[in-house]
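# Coordinate analysis (summary)
Letter by letter, the chains look like this.
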Amino acid sequence: MQPSGNLHIGNYLGALQNWVRIQRDYECIFCVVDLHAVTLPQDPAGLRAKIHEIAALYLAAGIDPKACSIMVQSAVPAHAELAWMLTCVTPVGWLERMTQYKAKSAKQESVGDGLLQYPVLMAADILLYQAGIVPVGEDQAQHLELTRDIAQRFNSLYGETFVVPGTSLPAVGARIMGLDDPTQKMSKSEAAANHAVALLDPPDKIRKIIMRATTDSNPAVDFETAGPGVLNLLSIYQAFSGAPDDEMKSRFTGLRYGDLKKEVAAMVISQLEPFQERYRRIVSEPGYLAGVLREGAERVAPIANETVRLVKERMGLWV
Ligand code: AMP
């Protein structure tokens, strides 16, 4: 996750919750991608504080640093080094086609090269560790496709080097939409007050935002005709609660929208309160967090360095 903006329930349901579920099924590496954050201007002190915040949120969500490695991208220089080598095998046309690049660059007066290169750096983050599976939200599926294309292109140019990674999306919650506008995905960079529920929002604010969520002109929940706003609220409830489809139908069919919102708000608050409590405990011991990040970087650096060595050897660079 990028240490920019406030993590929201879309980040949690699309990615973080899934990470916690799979952390013991794989050898996992979870990274705070600070090099990605600087593709747009950042205040230096604010960025450093955000890096700590995101790492603390990983721990608060239940990522176990004994079972997984948690690290900061720029602590392992091999990320930037591999990104350059991958840049040299990536056609610009592949990058210009990326949906996120098109959306983000349209909002900029002058587009930095980093914004275009971002998916190559992301490919490096993944291929560096020979990752088999990358658990992300749906908005990153296109970047994963590109990562596979880059890996395959490199393998065909220089011989088998990279594992071609798979994408793991959660069954429910892979794309949480904005509460103010359910036609747009919930996004950290959207400033509107009622757009997102941030993971550290207090209960009163969470309730207010959900009670104001955009729905449609039907009076009550009908799973056949519900518009995107209502479907989004139902997804949020289902992803947090883990309720199966039949239970969702029997619980919500015919419920008036005001009551639906009350139930969704209660579910979100009940899940985020213990999470926020753990977060407060973690940040009260900054030494602990720094140790987790240092250990994580130390554990993964040898894997990353070995991949860079192999890539340099394959490309004929100096090793
Ligand atoms: P980012 O906000 O780009 O740092 O994304 C961090 C992770 O959260 C990625 O795996 C995204 O796919 C996921 N994510 C971001 N926004 C959403 C959303 N609205 N719904 C579901 N997953 C999301």
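See the structure above.
Here is a short report on the structure shown in this document. Predicted, not measured: the structure shown is a model, and the values here were computed from it. (Residues numbered from 1 in each chain as written. Predicted model: local features only at pLDDT ≥ 70, side-chain atom pairs only at ≥ 80, totals over all residues. Heavy atoms only, no water.)

## Notes on the overall build of the protein chain
- Scanning the protein chain from N- to C-terminus turns up 13 helices and four strands.
- Taking 2.2 N^0.38 as the reference for a compact globule, 319 residues should give roughly 20 Å; the C-alpha atoms of the protein chain span a radius of gyration of 21 Å, in line with that estimate.
- Along the longest, intermediate and shortest principal axes, the C-alpha atoms of the protein chain span 65 × 45 × 40 Å.
- The proportion of buried residues among the 319 residues of the protein chain is 50%. (Helix = DSSP H or I, 4+ residues; strand = E, 2+ residues; numbered from the N terminus. Rg over C-alpha atoms; globule rule 2.2 N^0.38 Å. Buried < 20%, exposed > 50% of the residue type's maximum accessible area, 1.4 Å probe, protein only.)

## Details of the packing of aromatic side chains
- Considering all chains together, one arrives at seven aromatic pairs under this definition.
- Here the aromatic rings of Trp19 and Phe30 are separated by 4.7 Å at their centres, their planes lie at 15°, and the arrangement is stacked. Of this pair, Trp19 sits in helix H1 (residues 9-22) while Phe30 is found in strand S1 (residues 29-32), placing the two residues eleven residues apart along the sequence.
- A relative accessible area of 8% means that Trp19 is categorised as buried.
- Judged by its relative accessible area of 4%, Phe30 is buried. (Phe/Tyr/Trp six-rings, centres within 6.5 Å; stacked < 30°, edge-to-face > 60°.)

## Some details on the site of the ligand
- Taken together, 17 residues lie near the ligand, and Gly137, Asp139, Ile176, Met186 and Lys188 sit nearest.
- In the environment of the ligand, an oxygen atom lies 3.1 Å from a nitrogen or oxygen atom belonging to the side chain of Asn11.
- Starting from 490 Å² of accessible surface for the ligand in isolation, the protein chains cover 93%.
- The class makeup of the residues in the shell around the ligand is six nonpolar, eight polar and three charged. (Near = heavy atom within 4 Å. Polar contact = N/O pair within 3.5 Å; in protein donor to acceptor, adjacent residues only side chain to side chain. Areas by Shrake-Rupley, 256 points an atom, 1.4 Å probe, with all protein chains shown as cover. Nonpolar A, V, L, I, M, F, W, Y, C, P; charged D, E, K, R; others polar.)

## Regarding the packing of helix H7 (residues 113-127) against helix H8 (residues 141-158)
- The N-to-C vectors of H7 and H8 enclose an angle of 70°; their axes lie 9 Å apart at closest approach. In terms of orientation, H7 lies roughly perpendicular with respect to H8. Mapping the contact onto sequence places Tyr118, Pro119, Val120, Met122, Ala123, Ile126 and Leu127 in H7 and His143, Leu144, Leu146, Thr147, Ile150 and Ala151 in H8.
- Among the residues making up the contact of H7 with H8, the classes are represented as eleven nonpolar, two polar and no charged. (Axes fitted to C-alpha atoms, helices over the stretch in contact; angles between N-to-C directions. Parallel < 35°, antiparallel > 145°, perpendicular 65-115°, else oblique. Contact = heavy atoms within 4.5 Å.)

## Points about the pairing of strand S2 (residues 69-72)
- Burial of S2 is two-sided: the residues Ser69 and Met71 facing one way and the residues Ile70 and Val72 facing the other way are all buried.
- Across four bridges, S1 lies against S2 in parallel orientation. Its bridge partner lying in S2, Cys31 is registered against Met71. (Pairing = 2+ DSSP bridges.)

## Focus: helix H13 (residues 286-315)
- Compared with an ideal rise of 1.5 Å per residue, which puts 30 residues at 44 Å, H13 spans 42 Å between its outermost C-alpha atoms and is within 8% of the ideal.
- Approximately 35° is the largest bend angle found in H13, and it occurs at Ala301, with the proline Pro302 only one to four residues beyond.
- Positioned one or two residues after H13, Gly316 has a phi angle of 85°, which is positive. (Expected span 1.5 Å × (residues − 1). Bend = angle between axes of the 7 residues up to and from the residue.)

## Examining the side chain of Gln73
- You can see Gln73 is positioned in the loop between S2 and helix H4 (78-87).
- Within the structure, the side chain of Gln73 is placed 2.8 Å from the backbone nitrogen of Leu35, a separation counted as a polar contact.
- In this structure, Gln73 is in contact with Cys31, Val32, Val33, Asp34, Leu35, His36, His79, Leu121 and Asp125, ignoring residues within four places of it in sequence.

## Details of the pattern of salt bridges
- For the structure on display, the rule yields 14 salt bridges.
- Across the salt bridge formed by Lys262 and Asp259, the nearest N and O atoms sit 3.9 Å from each other. With a gap of three residues between them, Lys262 and Asp259 both fall in helix H12 (residues 257-283), about one helical turn apart.
- Beyond isolated ion pairs, a larger network of salt bridges with shared partners links Glu306, Arg309 and Glu313. (Salt bridge = Lys/Arg side-chain N within 4 Å of Asp/Glu carboxyl O.)

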